[in-house]
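Per-entry structural report
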There are 4 protein chains.
Amino acid sequence: MSYARTMAEQHPGEHPVDVQALTAAIDAAYDCAQACTACADACLSEEDVASQVRCIRLDLDCADVCATTGRVLSRQTAFDADVTRAVLEACIAACAACAEECEVHGEHGMDHCATCAEACRRCEQACRDLLAAIG
Amino acid sequence: MSYARTMAEQHPGEHPVDVQALTAAIDAAYDCAQACTACADACLSEEDVASQVRCIRLDLDCADVCATTGRVLSRQTAFDADVTRAVLEACIAACAACAEECEVHGEHGMDHCATCAEACRRCEQACRDLLAAIG
Amino acid sequence: MSYARTMAEQHPGEHPVDVQALTAAIDAAYDCAQACTACADACLSEEDVASQVRCIRLDLDCADVCATTGRVLSRQTAFDADVTRAVLEACIAACAACAEECEVHGEHGMDHCATCAEACRRCEQACRDLLAAIG
Amino acid sequence: MSYARTMAEQHPGEHPVDVQALTAAIDAAYDCAQACTACADACLSEEDVASQVRCIRLDLDCADVCATTGRVLSRQTAFDADVTRAVLEACIAACAACAEECEVHGEHGMDHCATCAEACRRCEQACRDLLAAIG
């Protein structure tokens, strides 16, 4: 029950960018931040935690970058296209790296990694779509 | 499309607390963090921004506290009841203060404040419910 | 080269609380947030990572709580004593739990845990001092 | 009294990049995150808050991006050059935009903006130096 779309529509200023693409990216970023935080923790509870070290590290990075991306995108006042683009590029890089790692573990039966990879790929795509909308 | 419930169920460890109460609080915390970030920004675009100063400040605090609460609750490994309780108490305080302020502005026609107040009250209640479940 | 003291003194509003106690807590919170993030990562590189699981979890919680505490304390506009007190209590709980765990590992030769424990104890004390100053 | 250098030297893994450039960037990122959070709040207490709206927005973005940059750089395990580079580029963009705005206000007598601009320029340079060291 995200409020992102409602909050964007109730904003008193002008929308700097397509609201549909914007709120899809906001939701995807917050959802991915949560999934990555939970995946890092689930990896810590795996019997063979040593094999999850790279996954945990990329999860933590991706959680941080997505959290910041969700915040920056939630702001529509005094929109700065350069900062927004650079943040979206960082988010795409973090999501792609984390998804790639999680997909490998997901194929080996770690369901939390498969779910996290899905969250990362959805966020990566939403950021690419928004980047295209900003131009 | 939050992954909180799925991630919690796919966690390889034991659940330290009722999964329904836990994931309701996680979702409410992330949703409230987004709403408060967006509300602070919407307040910045109001014509009479000077009258929104206290609201912006409480929004920013509440966004930070909810973001941290959502992260701490997303971790189930090596659960620490004392830390969890203290974080939930801080989240309840931040949400209550922000909701109280936003409700006043909501009654004066600021729809983003009304929506944000709803998000804060939902998060406050979810934290109280989880606190009761932890015992 | 922290700017916390300078920024607090250049703030155009009135100080809601003793500036010395306030900026000591701000600096301690940011420093502890960094130390805990680095300690979680150093634990991930330990040969026997399985024995570090609880330490990593408490490091991550403490990093998040300290980061939020540092932000809330950096705001002096429309100071809210209730929210500030609850955040300080959460920070004290997170720092104490993390310090206790890190001290054990520090005694067993893990220098990064010993340093992190020192950062946690310093932050815990600075939060207690500020809590006393707020009254 | 930052622990960044000590923590980096006590890390059990290999350093993925020059420790001096790395820890200078970590310290600059955390210091800038604090300065930007404090500057946004100081702007909220200015008599003519309406003229500070763009500054507040860029301060908030910069605080978030710097906080995430400080965290990502504090991790040395399973170093990923692509993610690190993209995060540094985002940090450079956020710091440059915020510094440019704060410098204008600093020239008009707002000392907190002048200090914040200094923090942003120092962080921007430290990120550029680290980017060069990564290659």
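So, a few notes on the structure that sits alongside this text. What you see is a predicted model, and the numbers here were worked out from it, not measured in a lab. (Residues numbered from 1 in each chain as written. Chains lettered and ligands numbered in written order. Predicted model: local features only at pLDDT ≥ 70, side-chain atom pairs only at ≥ 80, totals over all residues. Heavy atoms only, no water.)

Okay, the overall build of chain A next. Looking only at helices and strands, one finds five helices and zero strands in chain A. In sequence order, the secondary structure elements of chain A are arranged as α-α-α-α-α. The C-alpha atoms of chain A give 15 Å as radius of gyration, which agrees with the globular expectation for 135 residues (14 Å, within 12%). For the C-alpha atoms alone, the extent of chain A along its principal axes is close to 50 × 30 × 20 Å. Of the roughly 4400 Å² of accessible surface on chain A, a fraction of 46% belongs to carbon and sulfur atoms. Between the averaged position of the 9 positive side-chain charges in chain A and that of its 23 negative side-chain charges there is a distance of 6 Å. (Helix = DSSP H or I, 4+ residues; strand = E, 2+ residues; numbered from the N terminus. Rg over C-alpha atoms; globule rule 2.2 N^0.38 Å. Areas by Shrake-Rupley, 256 points an atom, 1.4 Å probe, with all protein chains shown as cover. Lys, Arg positive; Asp, Glu negative; His and termini not counted. Charge placed at Lys NZ, Arg CZ, Asp CG, Glu CD.)

Before going further, it helps to spend a moment on the interface of chain B and chain A. Counting residues at the interface gives 39 residues for chain B and 39 residues for chain A. For the pairing of chain B and chain A, the buried interface totals around 3300 Å² over both sides, and the portion due to carbon and sulfur atoms is 59%. Considering only the surface of chain B that becomes buried against chain A, Tyr3(B), Met7(B) and Gln34(B) emerge as the three largest contributors, covering 22% of it. Put simply, chain B and chain A have two salt bridges between them. The partner of Arg71(A) in a salt bridge is Asp64(B), and the shortest N-O contact between them spans 2.6 Å. On the surface where chain B and chain A come into contact, there are 18 residue pairs in polar contact (both at pLDDT 80 or more). The set of elements that each furnish at least two residues to the side of chain B that touches chain A consists of α1 (4-9), α2 (19-44), α3 (53-73) and α5 (111-134) of chain B. (Contact = heavy atoms within 4.5 Å. Buried area = accessible area lost by both parts, 1.4 Å probe. Salt bridge = Lys/Arg side-chain N within 4 Å of Asp/Glu carboxyl O. Polar contact = N/O pair within 3.5 Å; in protein donor to acceptor, adjacent residues only side chain to side chain.)

To continue, consider helix α4 (residues 81-107) of chain D. Residues and elements named next belong to chain D. With 27 residues, α4 should reach 39 Å at 1.5 Å per residue; the first-to-last C-alpha distance of 38 Å fits that figure. A distance of 3.1 Å separates the backbone nitrogen of Asp-82 from a side-chain oxygen at the start of α4, and that oxygen is part of Asp-80. Of the residues one or two after α4, Gly-109 is the one with positive phi, at around 95°. (Expected span 1.5 Å × (residues − 1).)

Of the transformation placing chain B onto chain A, the axial shift is 0.0 Å and the rotation is 180°, giving an RMSD of 0.0 Å. Such a turn and shift between the copies fits a two-fold axis. If distances are taken from each C-alpha of chain B to the rotation axis, the shortest is found for Tyr30(B), at 3.5 Å. Most of the interface of chain B is mirrored in chain A, where 100% of its interface residues again form contacts. (Least-squares fit on C-alpha atoms with pLDDT ≥ 70 in both.)

With that out of the way, let us pick up unusual backbone geometry. Residues and elements named next belong to chain B. Positive phi values are uncommon outside glycine, yet Ala-78 reaches one of about 50°. With respect to the secondary-structure elements, Ala-78 resides in the loop between α3 and α4 (81-107). Ala-78 sits in the partly exposed class, given a relative accessible area of 27%. (Buried < 20%, exposed > 50% of the residue type's maximum accessible area, 1.4 Å probe, protein only.)

Turning our eyes to something else, we now look at the layout of surface pockets. Approximately 250 Å³ is the volume attributed to the largest pocket. Ser2(C), Asp31(C), Met1(D), Ser2(D) and Asp31(D) are the residues nearest the centre of the largest pocket, which is lined by 17 residues in total. Elements with a contribution of two residues or more to the lining of the largest pocket: α2 (19-44) of chain C together with α2 (19-44) of chain D. Of all the elements, α2(D) adds the most residues to the lining of the largest pocket, at five residues. Tallied by class, the residues present in the lining of the largest pocket amount to eight nonpolar, four polar and five charged. Within this model, the second largest pocket holds a volume of roughly 200 Å³. Around the second largest pocket, the lining is made up of 15 residues, and of these Ser2(A), Asp31(A), Ser2(B), Asp27(B) and Asp31(B) lie nearest the centre. Elements that contribute at least two residues to the lining of the second largest pocket include exactly α2 (19-44) of chain A together with α2 of chain B. Grouping the amino acids of the lining of the second largest pocket by side-chain chemistry returns seven nonpolar, four polar and four charged. (1 Å grid on protein atoms, 1.4 Å probe; cavity = no way out; pocket = protein on both sides within 12 Å on 5 of 7 lines; lining within 4 Å. Points joined across faces, edges and corners; volume = space filled by probe spheres on them. Nonpolar A, V, L, I, M, F, W, Y, C, P; charged D, E, K, R; others polar.)

This part is about the side chain of Thr68(D). Residue position: Thr68(D) is located in helix α3 (residues 53-73). Judged by its relative accessible area of 7%, Thr68(D) falls in the buried class. Polar contacts involving the side chain of Thr68(D) include one to the main-chain carbonyl oxygen of Asp64(A), which spans 3.1 Å. Ignoring any residue separated from it by four or fewer positions in sequence, one finds Thr68(D) in contact with Asp64(A), Val65(A) and Thr68(A).

A few words now on the interface of chain C and chain D. With 39 residues of chain C at the interface, the matching set in chain D holds 39 residues. Here chain C meets chain D over a buried area of about 3300 Å², counting both sides, of which 59% is carbon and sulfur. Interface area lost by chain C to chain D is led by Tyr3(C), Met7(C) and Gln34(C), which between them contribute 22%. At the surface where chain C touches chain D, the tally comes to two salt bridges. Sorting the residues of the side of chain C that touches chain D by element identifies α1 (4-9), α2, α3 (53-73) and α5 (111-134) of chain C as the ones contributing at least two each. Looking at the side of chain C that touches chain D, the element that brings in the most residues is α2(C), giving twelve residues. Taken together, the residues that form the side of chain C that touches chain D break down as 17 nonpolar, 13 polar and nine charged.

Interhelical geometry of helix α3 (residues 53-73) of chain A versus α3(D) gives an angle of 180° and a closest axis separation of 10 Å. Here α3(A) is positioned roughly antiparallel relative to α3(D), judged by the angle of their axes. On the side of α3(A), the interface is formed by Arg57(A), Asp61(A), Asp64(A), Val65(A), Thr68(A), Arg71(A) and Val72(A), while α3(D) contributes Arg57(D), Asp61(D), Asp64(D), Val65(D), Thr68(D), Arg71(D) and Val72(D). (Axes fitted to C-alpha atoms, helices over the stretch in contact; angles between N-to-C directions. Parallel < 35°, antiparallel > 145°, perpendicular 65-115°, else oblique.)

This part covers the pattern of salt bridges. Pairs can form between side chains of opposite charge once their charged atoms are near each other. The tally for this structure, following the rule as stated, stands at 48 salt bridges over all chains. Salt-bridge contacts for Arg54(A) lead to Glu101(A); the nearest nitrogen and oxygen are separated by 3.0 Å. Linking Arg54(A) in helix α3 with Glu101(A) in helix α4 (residues 81-107), this pair joins segments that are 47 residues apart in sequence. Of the charged contacts, one joins Asp64(B) and Arg75(C) as a salt bridge, the two residues approaching to 2.8 Å between their closest N and O atoms. Taken together, the residues span two chains, with Asp64(B) in helix α3 and Arg75(C) in the loop between α3 and α4 (81-107).

Let us look at the state of the cysteines. Summed over all chains, the structure comprises zero disulfides over all chains. Left without a disulfide partner, Cys36(C) is nearest to the cysteine sulfur of Cys116(C), which lies 3.7 Å away. (Disulfide = S-S within 2.5 Å.)

Turning our attention to empty space enclosed by the protein. The gaps of empty space that remain are located by a probe, the size of a water molecule, rolled over the atoms. All told, the structure shown has 13 cavities of 30 Å³ or more when counted by the stated rule. Size it by volume and the largest cavity reaches roughly 450 Å³. Taken together, 25 residues form the lining of the largest cavity, with Arg71(A), Arg71(B), Arg71(C), Ala67(D) and Arg71(D) sitting closest to its centre. Residues that form the lining of the largest cavity fall into these classes: twelve nonpolar, five polar and eight charged.

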